[in-house]
Amino acid sequence: MRLNEREIKLWQFLVFVFFLLPLVLGAINWRDKRVVNKIIVKGNKVLPSEKIVKLAGVKLGERIVELNLSELRGRIEKHKFIRFADVYTNLPDVIFIEVVEREPIAMFTSKGKIYFVDLEGVVIPAEEVGRLFSVPFLGEIERPVANVNFDSTGLRKCFELLKIALEKRAYELISELRVKNGEIVLLTTDGAVPVFLGDDEFDRKFVYLREFWKQVVLKRGYPSYIDLRYSGSIFAKFDSKN
């Protein structure tokens, strides 16, 4: 005997009610009762994992279904040293927090406090990081800004020059970079040699400095100063013994 279409649909409904529906309801119930049993932090090299978990505000034992992952991510990214954060779950009970930290390329001081600056110009208070970085010093300013790209003092100028030095592979030579009496002056990492840069052609001058250091200074020793203010020329004063 062949079943008609109506009878077939009735049997399908009964199969769903008696067999599949309990499974679906059980799965929903299991999902709703899942709690956080483990939190794993990835990508952090400076900030401790415990600090990042605290920033997120998530705790072991919390019901996963009640967590707003976007909100957790936003809390973490409020920290100045966190450039990007992602928060996601891994069945059945693990929360993953993945972060990208900022990398300081410079520092300055203001009213006795130290601030770091990353490649995007974001200013990071040292007290929020809990450690120091060996990066060029850009001097003292009266009032710190959230981003040096909005600074109206010589800090922004020095920061722009530092990025040029990075591009021209002269960054490692720089210990300090600041505006002094209207001129750009840097001190070298080795020997603390003053280098006068002038006010133009910085791309070319950083290349000159890099090659002069490699081909002359490393062989003769540290000069008293290096002067790059005059177009196409390098002047340096060496001790008579050199």
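See the structure shown above.
What counts and how
- Residues numbered from 1 in each chain as written.
- Predicted model: local features only at pLDDT ≥ 70, side-chain atom pairs only at ≥ 80, totals over all residues.
- Heavy atoms only, no water.
- Salt bridge = Lys/Arg side-chain N within 4 Å of Asp/Glu carboxyl O.
- Helix = DSSP H or I, 4+ residues; strand = E, 2+ residues; numbered from the N terminus.
- Buried < 20%, exposed > 50% of the residue type's maximum accessible area, 1.4 Å probe, protein only.
- Phe/Tyr/Trp six-rings, centres within 6.5 Å; stacked < 30°, edge-to-face > 60°.

A.B. asks: Can you walk me through the pattern of salt bridges in this structure?
C.D. replies: When charged atoms on two side chains of opposite charge get close, those side chains can pair. Throughout the structure, instances matching the rule amount to 14 salt bridges. Lys 163 is paired through a salt bridge with Glu 160; the nearest N and O atoms lie 3.7 Å apart. Within this pair, Lys 163 and its partner Glu 160 are both found in helix H5 (residues 154–167), separated by 3 residues, close to a single helical turn. The salt bridge involving Glu 167 is made with Lys 168; its shortest N-O contact spans 3.9 Å. Using a relative accessible area of 21% as the deciding quantity, one classes Lys 168 as partly exposed. Each of Arg 83, Arg 102, Asp 118 and Glu 120 takes part in salt bridges that share partners, so that together they form one network.

A.B. asks: Explain the packing of aromatic side chains here, please?
C.D. replies: In this description, an aromatic ring pair is defined by two values, namely the gap between the centres and the angle between the planes. Applying the stated criterion to the full structure yields 8 aromatic pairs. Summarising the aromatic geometry, the rings of Phe 108 and Tyr 115 are spaced 5.3 Å apart at their centres and angled 15° between planes, so their arrangement reads as stacked. We note that Phe 108, like Tyr 115, is buried. Ring centres 5.8 Å apart and planes at 90° place the aromatic pair Tyr 230 and Phe 235 in the edge-to-face group.

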